[in-house]
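# A look at the structure
Next come the chains, spelled out residue by residue.
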Amino acid sequence: MNKKLLSTLLLFAVFVGFFWWGLAMIVSTISAPVKDKESIVYGLLLLGCAGYALVSLLMLPRRNQP
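Let me begin by describing the structure that accompanies this report. Note that the structure is a prediction, hence the values are computed from the model and not measured.

### As for the overall build of the chain
- The helix and strand inventory of the chain stands at 2 helices and 0 strands.
- Computed over the C-alpha atoms, the radius of gyration of the chain is 16 Å, more than 25% above the 11 Å expected from 2.2 N^0.38 for a compact globule of 66 residues.
- Expressed as lengths along the three principal axes of its C-alpha atoms, the size of the chain is roughly 55 × 20 × 15 Å.
- The buried share among the 66 residues of the chain stands at 15%.
- Restricting to contacts in the chain with at least 6 residues of sequence separation, those with at least 24 account for 56%.

In structure tokens, the structure reads:
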């Protein structure tokens with residue numbers, strides 16, 4: 001497999017993983033009877049990392065189509 005394709009797929013996996021983890025952490029903290037503010041902040045940091053990975057994916061150079 002091409003190294004560029006593999007690194008792109010891994011970056012996409014990082015985006016999906018951080019997004020899912022952050023979203024799940026925030027939703028579970030909001031629905032809990034005792035609200036833990038640290039978990040909400042941690043979930044927002046994970047969503048920030050997911051956003052950074054998404055921006056990195058969008059900034060990748062594209063292949064020229066002839």
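Back to the write-up after that little detour.
### Overview of helix H1 (residues 3–31)
- End to end, H1 covers 42 Å across 29 residues, agreeing with the expected 42 Å (1.5 Å per residue, within 8%).
- Within the sequence span of H1, burial applies to Phe15, Gly22, Met25, Ile26 and Thr29.
- On its buried side, H1 packs onto helix H2 (37–58).

### Re the packing of aromatic side chains
- Going through the model one piece at a time under the given rule, you end up with 4 aromatic pairs.
- Measuring from centroid to centroid gives 6.3 Å for Phe18 and Trp21, while their planes differ by 35°, and the two rings are tilted. Taken together, the positions of Phe18 and Trp21, both in helix H1 and 3 residues apart, correspond to about one turn of that helix.
- The exposure class of Phe18 is partly exposed, given its relative accessible area of 28%.
- Look at Trp21 and Tyr42: their rings are 6.0 Å apart centre to centre, the planes differ by 85°, and that puts the pair in the edge-to-face class. Pair noted here: Trp21 is in helix H1 and Tyr42 is in helix H2, with a separation of 21 residues, a long-range link.
- Within the aromatic cluster, the residues linked to one another by ring pairs are Phe12, Phe15 and Phe19.

Reading the values: the criteria
- Residues numbered from 1 in each chain as written.
- Predicted model: local features only at pLDDT ≥ 70, side-chain atom pairs only at ≥ 80, totals over all residues.
- Heavy atoms only, no water.
- Helix = DSSP H or I, 4+ residues; strand = E, 2+ residues; numbered from the N terminus.
- Rg over C-alpha atoms; globule rule 2.2 N^0.38 Å.
- Buried < 20%, exposed > 50% of the residue type's maximum accessible area, 1.4 Å probe, protein only.
- Contact = heavy atoms within 4.5 Å.
- Expected span 1.5 Å × (residues − 1).
- Phe/Tyr/Trp six-rings, centres within 6.5 Å; stacked < 30°, edge-to-face > 60°.

Structural measurements only, silent on function.
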